[in-house]
Amino acid sequence: MSKPVLRGGTWYLRRRVPKRYKTVEPRREIWESLKTDSYRVAMQKSEGVWLAYIEAWEAKLAGRDGDAVQKFRAAQQLADIRGFQFLAIDQINLQPLDDILNRVEATRGVDGIPDEITAAALLGTVEEPGLLLSDLLAHVEDLATYDNRFKNDEQMRVWRSSRKRAVNNLIQAIGKDLPVVAVGKAEARAHKKFLSQRVQNGSIQIETANKDFNYLSGMLSRFYDDLDHEDPPKPYAGLAFSDRNTEPTQKLEVPVNWILEKWFAPGALDCLNDEARDILLISIETGSRQNEIFNLPASAIRLDDPIPHILVANQMSENRSDRREIKNMPSRRQIPLVGVALAAARRHPNGFPRYRNSSAYSNGVNKTLRNNNLLPKGVTIGGVRHSWESRMKKAGYANDDRGELMGHSRKRTRGREAYGDIMSLEERLAIAQEISLPAPDHLL
């Protein structure tokens with residue numbers, strides 16, 4: 001870093017313009033007053049002043065040579081450096097005359113001639129990026145790389161397919177593949193009208209349609225956030241279907257008597273393969289979500305610990321197929337293994353490779369059990385999670401304790417901020433043991 005130069009009692013920054021920036025900076029050397037007579041203060045200020053020059057030159061290079069996205073971001077950056085909010089030209093036309101004149105004056109370079117790149121930034125003539133809707137998903141996936149770092153192949157497939165469906169529905173609704181920046185309230189309303197017909201004819205549920213809106217809203221938010229847009233449009237804000245005549249849905253429980261009399265009967269579960277049967281048995285005594293069990297890596301099955309348990313947590317690996325993302329952070333928990341769950345885990349200490357990273361488990365097991373008259377009408381195997389909570393409720397455990405063991409947010413369950421330590425594994429074990437079902441010998 002070159003030292004400041006004293007001229008007439010004021011310290012100045014004096015530095016040569018690097019070769020990289022000669023095409024966007026006509027001066028060979030920069031002289032900039034640091035507005036101080038203190039050498040110490042001048043040294044502190046000089047680095048920041050020089051970095052501001054570098055930042056502006058880099059923005060100019062990007063504004064001249066970059067792609068559409070880079071030019072748009074560079075324009076926003078240059079406007080900010082010059083002390084203005086970036087506005088599109090149609091917005092600038094609505095500003096007070098003094099503000100417009102100030103912007104015009106600020107476009108002038110040191111030679112008094114307007115700089116083309118700076119003028120485009122301050123007067124809003126830079127075109128917004130022309131990314132098409134058909135390319136939005138790939139762009140957003142790239143932006144979400146870090147957020148999706150724990151997802152395995154199957155989880156990424158699900159993540160993509162739901163968003164791809166939403167984008168395709170929007171394109172169908174408006175009849176063409178528009179640039180993303182052209183999606184406004186009118187396009188969002190067309191999307192809603194398109195889906196309303198499918199809701200009315202029963203081809204999709206209201207909640208499926210609303211997911212479309214949520215996915216589009218999220219993708220557009222990422223798109224504009226990446227552009228550092230000062231006031232991003234929100235065409236899907238408040239857009240949703242509702243039906244006051246729709247009763248809230250709730251998964252039915254698998255009754256405890258059904259489990260004991262039907263599933264625990266000798267040979268009853270022989271219709272399932274070993275892995276499917278034991279995933280089901282673990283879910284009965286842990287209340288875990290099915291994918292929390294069949295996606296377990298070997299390292300998360302802790303059979304040799306003083307209290308045998310499974311660990312539900314995000315899993316990172318260089319190999320994406322070995323990764324695992326849990327539903328949310330409250331879902332991270334230790335779950336003690338008791339009764340048939342402990343026996344099942346001991347039979348599969350390395351997990352369940354047949355179903356890991358797959359979506360085949362739930363439908364397959366539901367179909368098999370139903371075909372063998374082993375499921376009550378209207379009930380699915382997901383109901384064992386709810387029956388496990390009901391067993392806790394009948395045993396007198398409070399709502400927030402039940403929620404914690406189920407992997408729900410303590411804050412949401414309590415309806416206020418959650419204070420204090422989380423429940424220990426020993427405390428979890430005591431509850432699991434109290435509500436455990438009598439295990440038949442043939443399942444141990």
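Please refer to the structure higher up on the page.
All values derive from a computational prediction rather than experimental measurement.

Caption draft 1: Broad picture of the sheet that holds strand 6 (residues 333–336). Taken in spatial order, the 3 strands make up an open sheet running 4-5-6, and their pairing is antiparallel. The two strands at the open ends of the sheet, each matched to only one other strand, are strand 4 (301–302) and strand 6. One ladder, built from 4 bridges, connects strand 5 (residues 309–312) with strand 6; its direction is antiparallel. Bridge assignment links I310 to a residue of strand 6, and that residue is I335. Where helix 18 (residues 425–435) meets the sheet, it contacts strand 5 and strand 6, and its direction lies at approximately 40° from that of strand 6.

Caption draft 2: How the structure looks around the environment of L252. Structurally, the position occupied by L252 is in the loop between helix 9 (206–226) and helix 10 (256–263). A C-alpha to C-alpha distance of 7.6 Å links L252 and T380, two positions 128 residues apart in sequence. Setting aside its immediate chain neighbours within four residues, L252 contacts G378, V379 and G383.

Caption draft 3: Region of interest: the nonpolar core. Judged by nonpolar contacts, the single largest core of 57 residues is most densely connected at W57, L133, L136, L170, L195, M219 and Y236. Within the residue set of this core, elements represented by two or more residues are strand 2 (10–16), helix 1 (39–65), helix 2 (68–81), helix 5 (116–122), helix 6 (136–143), helix 7 (153–174), helix 8 (185–200) and helix 9. In this view, L133 contacts V167, L170, I171, I174, D177, L178, V180 and V183; residues no more than four positions away in its chain are not counted. Formed by 43 residues, the second largest nonpolar core is a distinct cluster that contains I293, A313, L369 and L374.

Caption draft 4: Quick peek at the side chain of S283. The residue S283 is located in helix 11 (residues 274–286) in this model. Overall, the relative accessible area of 4% leaves S283 in the buried class. Contacts of S283, omitting those with residues within four sequence positions, involve S288, I293 and V384.

Caption draft 5: The arrangement of the packing of helix 11 against helix 15 (residues 383–394) in detail. Following both chains from N to C, one finds helix 11 and helix 15 inclined at 30°, their axes separated by 7 Å at the closest point. By the angle between their directions, the pair helix 11 and helix 15 is classed as roughly parallel. Where helix 11 approaches helix 15, its residues S283, I284, E285 and T286 are matched on the opposing element by V384, W388 and R391. Here the residues of the contact of helix 11 with helix 15 sort into 3 nonpolar, 2 polar and 2 charged.

Caption draft 6: Main features of the environment of P266. Tracing the chain through its elements places P266 in the loop between helix 10 and helix 11. With relative accessibility at 72%, the residue P266 sits in the exposed group.

Caption draft 7: Region of the structure containing the sheet that holds strand 1 (residues 5–7). The strand order 1-2-3 describes an open sheet built from 3 strands, whose pairing is antiparallel. Each end of this open sheet is capped by a strand with a single partner; those strands are strand 1 and strand 3 (29–33). Strand-to-strand twist of the sheet, defined as the mean angle between neighbouring strand axes without regard to direction, takes the value 35°. Running over the sheet, helix 1 touches strand 2 and strand 3 and is turned about 40° from strand 2.

Caption draft 8: Expanded view of the packing of helix 8 against helix 9. Interaxial distance between helix 8 and helix 9 falls to 9 Å at its minimum, and their mutual angle equals 160°. One element, helix 8, and the other, helix 9, form an angle in the roughly antiparallel class. Every pair of crossing elements has a handedness; the one defined by helix 8 and helix 9 is right-handed. Taken together, the residues of helix 9 that come into contact with helix 8 (itself represented by H191, K192, L195 and V199) are I206, A209, D212, F213 and L216.

Caption draft 9: Representation of the pattern of salt bridges within the structure. Enumeration according to the criterion identifies 18 salt bridges in this entry. Two residues, D212 and R165, come together in a salt bridge whose shortest N-O distance is 3.1 Å. Residue D212 is found in helix 9, and its partner R165 is found in helix 7; the two are separated by 47 residues along the sequence. Under the relative-accessibility criterion, D212 is labelled buried at 1%. Across the salt bridge formed by E292 and R289, the nearest N and O atoms sit 2.6 Å from each other. Here E292 and R289 have matching classes, each one buried. Put simply, D274, R277, D278 and R347 are held in one network by salt bridges that share partners.

Caption draft 10: Just a positive patch on the surface, in detail. Where like charges cluster on the molecular surface, the positive patch consists of R16, K19, K22 and R28. Looking at the element boundaries, K22 is found in the loop between strand 2 and strand 3.

About the criteria used
- Residues numbered from 1 in each chain as written.
- Predicted model: local features only at pLDDT ≥ 70, side-chain atom pairs only at ≥ 80, totals over all residues.
- Heavy atoms only, no water.
- Pairing = 2+ DSSP bridges.
- Helix = DSSP H or I, 4+ residues; strand = E, 2+ residues; numbered from the N terminus.
- Contact = heavy atoms within 4.5 Å.
- Axes fitted to C-alpha atoms, helices over the stretch in contact; angles between N-to-C directions.
- Core = buried A, V, L, I, M, F, W, Y, C linked by side-chain atoms within 4.5 Å.
- Buried < 20%, exposed > 50% of the residue type's maximum accessible area, 1.4 Å probe, protein only.
- Parallel < 35°, antiparallel > 145°, perpendicular 65-115°, else oblique.
- Nonpolar A, V, L, I, M, F, W, Y, C, P; charged D, E, K, R; others polar.
- Left-handed = near helix turned anticlockwise from the far one by under 90°.
- Salt bridge = Lys/Arg side-chain N within 4 Å of Asp/Glu carboxyl O.
- Patch = residues over 30% accessible without salt bridge, like charges linked within 9 Å, V, L, I, M, F, W, Y side chains within 5 Å.
- Areas by Shrake-Rupley, 256 points an atom, 1.4 Å probe, with all protein chains shown as cover.
- Lys, Arg positive; Asp, Glu negative; His and termini not counted.
- Charge placed at Lys NZ, Arg CZ, Asp CG, Glu CD.

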